[in-house]
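# Working through the structure, step by step
Here are the chains, one letter per residue:
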Number of protein chains: 4
Amino acid sequence: MRSSRVAKDKFSAVKESFRRQGIMRLLGARISRLNAGIVEISASNRSEFSQQDGFVHAGVLVSLADSAGGYAVVSMLPMGSRVLSVELKMNFLKPAIGDVIRARGKVRKVGRTIAVCELDVGMRSRASWTTCAWGSQTVYCVRPREEPDSVPA
Amino acid sequence: MRSSRVAKDKFSAVKESFRRQGIMRLLGARISRLNAGIVEISASNRSEFSQQDGFVHAGVLVSLADSAGGYAVVSMLPMGSRVLSVELKMNFLKPAIGDVIRARGKVRKVGRTIAVCELDVGMRSRASWTTCAWGSQTVYCVRPREEPDSVPA
Amino acid sequence: MRSSRVAKDKFSAVKESFRRQGIMRLLGARISRLNAGIVEISASNRSEFSQQDGFVHAGVLVSLADSAGGYAVVSMLPMGSRVLSVELKMNFLKPAIGDVIRARGKVRKVGRTIAVCELDVGMRSRASWTTCAWGSQTVYCVRPREEPDSVPA
Amino acid sequence: MRSSRVAKDKFSAVKESFRRQGIMRLLGARISRLNAGIVEISASNRSEFSQQDGFVHAGVLVSLADSAGGYAVVSMLPMGSRVLSVELKMNFLKPAIGDVIRARGKVRKVGRTIAVCELDVGMRSRASWTTCAWGSQTVYCVRPREEPDSVPA
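Residues numbered from 1 in each chain as written. Chains lettered and ligands numbered in written order. Predicted model: local features only at pLDDT ≥ 70, side-chain atom pairs only at ≥ 80, totals over all residues.

### Quick word on unusual backbone geometry
- Phi at Ala127 of chain B takes a positive value of approximately 70°, unusual for a residue other than glycine.
- Mapped onto the fold, Ala127 of chain B is located in the loop between β5 (114-125) and β6 (128-142).
- Not every positive phi belongs to a glycine, and Arg126 of chain D is a case in point at roughly 50°.
- Here Arg126 of chain D is to be found in the loop between β5 (114-125) and β6 (128-142).
- With 7 C-beta atoms packed within 10 Å, Arg126 of chain D lands in the exposed category. (Helix = DSSP H or I, 4+ residues; strand = E, 2+ residues; numbered from the N terminus. Buried ≥ 20, exposed ≤ 12 C-beta atoms within 10 Å, placed from the backbone.)

### Points about the relation of the copies chain B and chain D
- Overlaying chain B with chain D gives an RMSD of 0.0 Å, the required rotation being 180° about an axis along which the chain moves by 0.0 Å. Given the turn and translation reported, the copies of this chain are related as if by a two-fold rotation axis.
- An overlap of 100% is found between the interface residues of chain B and their copies at the interface of chain D, pointing to a shared contact surface. (Least-squares fit on C-alpha atoms with pLDDT ≥ 70 in both. Contact = placed C-beta atoms within 7 Å.)

### Re the pairing of strand β2 (residues 38-44) of chain C
Residues and elements named next belong to chain C.
- Pairing geometry for strand β1 (residues 30-35) and β2, over 5 bridges, is antiparallel. Paired with Arg33 across the bridge in β2 is Glu40.
- Hairpin remark: β1 followed by β2, antiparallel, with 2 residues in the connecting loop; positive phi at Gly37, about 90°.
- Bridging between β2 and strand β4 (residues 100-110) involves 7 bridges; their strand directions are antiparallel. Of the residues in β4, the one forming a bridge with Ser42 is Arg102. (Pairing = 2+ DSSP bridges.)

### Some words on the sheet that holds strand β3 (residues 82-92) of chain B
- Across the sheet, 12 strands lie side by side as β1(A)-β2(A)-β4(A)-β5(A)-β6(A)-β3(A)-β3(B)-β6(B)-β5(B)-β4(B)-β2(B)-β1(B); this open sheet has antiparallel pairing. In the strand order of this sheet, the two ends are held by β1 (30-35) of chain A together with β1 (30-35) of chain B, each with one partner. Neighbour-to-neighbour, the strand axes of this sheet turn through a mean angle of 20°, independent of strand direction.
- Of the strands in this sheet, β2 (38-44), β3 (82-92), β4 (100-110), β5 (114-125) and β6 (128-142) of chain A together with β3 of chain B are in contact with helix α3 (residues 58-74) of chain A, which crosses β4 of chain A at around 40°. (Axes fitted to C-alpha atoms, helices over the stretch in contact; angles between N-to-C directions.)

### A short note on helix α3 (residues 58-74) of chain C
- Taking 1.5 Å per residue as the helical rise, α3 of chain C with its 17 residues ought to reach 24 Å, and the 24 Å between its terminal C-alpha atoms agrees with that figure.
- Of all the 17 residues making up α3 of chain C, 17 are buried; the element is thus mostly covered by neighbouring parts of the structure. (Expected span 1.5 Å × (residues − 1).)

### Some words on the packing of α3 of chain C against helix α3 (residues 58-74) of chain D
- At a closest axis distance of 8 Å, the pairing of α3 of chain C and α3 of chain D adopts a crossing angle of 160°. Compared by their axis directions, α3 of chain C and α3 of chain D come out roughly antiparallel. Taken as a pair, α3 of chain C and α3 of chain D cross one another with a handedness that is right-handed. Mapping the contact onto sequence places Ala58, Gly59, Val60, Val62, Ser63 and Asp66 of chain C in α3 of chain C and Ala58, Gly59, Val60, Val62, Ser63 and Asp66 of chain D in α3 of chain D.
- A per-class count over the contact of α3 of chain C with α3 of chain D returns 6 nonpolar, 4 polar and 2 charged. (Parallel < 35°, antiparallel > 145°, perpendicular 65-115°, else oblique. Left-handed = near helix turned anticlockwise from the far one by under 90°. Nonpolar A, V, L, I, M, F, W, Y, C, P; charged D, E, K, R; others polar.)

Put into structure tokens, the structure is as follows:
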């Protein structure tokens with residue numbers, strides 16, 4: 001019971017932080033899955049997301065994936081922790097076509113200050129999902145009490 | 001004179017392609033530099049670009065950089081060529097704070113089918129520029145006549 | 001029967017190519033798994049592989065992983081195909097300690113000219129395995145008949 | 001004079017650490033340039049470095065580059081600091097052919113715990129140098145007194 005309370009509080013913190021991300025609002029994104037170590041963020045496709053050929057622009061896929069990975073890490077850290085993306089790398093496997101975009105961040109390692117996530121982004125087209133982008137992300141973790149000036153600058 | 005005509009046509013093609021990118025319109029982005037092998041794309045910062053701490057979200061930086069790199073490659077290919085991002089990697093060096101975002105793509109190699117770009121993104125704050133993100137991108141080049149089925153799928 | 005013959009020939013071709021890699025001999029590496037789309041390369045740890053703290057140097061992990069990924073791709077291409085690494089990215093998750101190093105390449109996508117692999121490297125210490133490095137690789141595929149001058153240069 | 005003494009001591013520490021890297025000895029590598037923020041490591045090409053087509057294997061290029069980047073960071077940190085590679089990404093731009101390999105690490109950012117380097121590797125062939133590989137590396141910095149348990153694990 002104690003631990004489910006902590007999880008609930010932490011998930012609330014993730015949702016609250018997500019609401020502060022202006023870019024997620026701009027993209028119409030929502031958290032579609034929230035577990036310890038795995039977070040998914042989804043958005044309906046829109047014509048404003050396109051690159052020149054009508055596919056979803058790589059930057060939209062990366063935007064959703066970066067937030068998904070960051071929150072996947074937050075979900076495994078103590079309450080009050082903050083995260084910053086150190087770097088990310090994505091391979092674009094298939095043209096991003098479809099009506100829904102779903103980015104997933106999955107934690108592969110959490111250390112004291114460094115976490116690593118696997119990122120993938122799928123698109124739903126005619127009810128079936130295709131992985132369009134796949135990659136990795138390094139996240140810097142600022143645990144409570146280490147604040148405020150331990151941000152790498 | 002002949003070659004400047006070709007360059008002019010190619011730059012027109014870049015601009016025309018850029019206008020078809022819905023995401024660039026959504027971000028209020030414009031081409032701020034267009035040379036053979038170097039393209040810059042700039043946007044004024046907006047509150048809708050933010051992550052949870054008010055900095056510009058990594059995905060916005062990557063969106064502008066991905067387009068800048070792609071067009072830098074287009075600027076060095078024959079008229080009628082198309083490009084696709086194979087992968088990109090960005091390190092986020094500094095918190096992205098300021099009023100203007102400027103992403104630059106610079107070609108480091110152009111082969112027959114594979115090009116590689118250096119990407120960097122600066123932010124202007126109090127009239128001075130800071131590099132906030134830096135990375136690399138692999139671009140797949142589809143030259144005319146190789147179309148239509150040579151797209152890697 | 002026909003297809004098992006083809007597989008057998010292809011696996012022979014992988015082994016023959018592997019034997020031509022001087023670096024694998026220098027590292028004492030061997031192919032420890034060879035399936036269509038998944039290849040593992042293993043080596044016993046030696047003091048000559050160390051970095052300054054006695055862990056296995058990142059470059060050794062990457063060397064084995066790069067070959068594993070390349071051959072994983074070869075195992076899915078027609079006989080007579082060649083491959084070249086376009087790029088790779090590895091995250092180093094844990095200090096590389098132990099008596100055996102095992103690198104695995106797993107194909108995530110094979111297109112006509114571009115393949116993408118997942119790479120991971122584990123170390124065996126006291127009979128248990130730990131993943132020390134994990135990443136991705138883009139591979140350029142030169143299929144037969146496209147030779148000889150289609151190598152991206 | 002004071003600061004040149006410090007630099008001299010630090011450069012001695014780099015050289016001493018380099019001598020402890022078994023892999024550098026195995027590859028016959030030497031430090032060919034050592035400045036604050038820029039380190040080069042060179043090796044004569046040998047047939048044991050080859051991949052299947054006789055070019056230098058990607059893993060050899062990465063091995064030299066990873067050490068060059070790590071020591072470039074060490075050269076900018078206080079005496080007694082340690083570094084660990086968090087991740088690296090390399091694009092392989094040209095076939096690695098020639099008689100000498102020279103890897104360079106150049107610091108692009110040094111924070112309290114995170115540094116980022118640009119890596120490139122050139123080969124000398126018929127007295128002229130060609131850049132064969134280019135990429136980036138994230139380095140974790142353990143400054144003195146933060147030891148011993150601050151290593152990310």
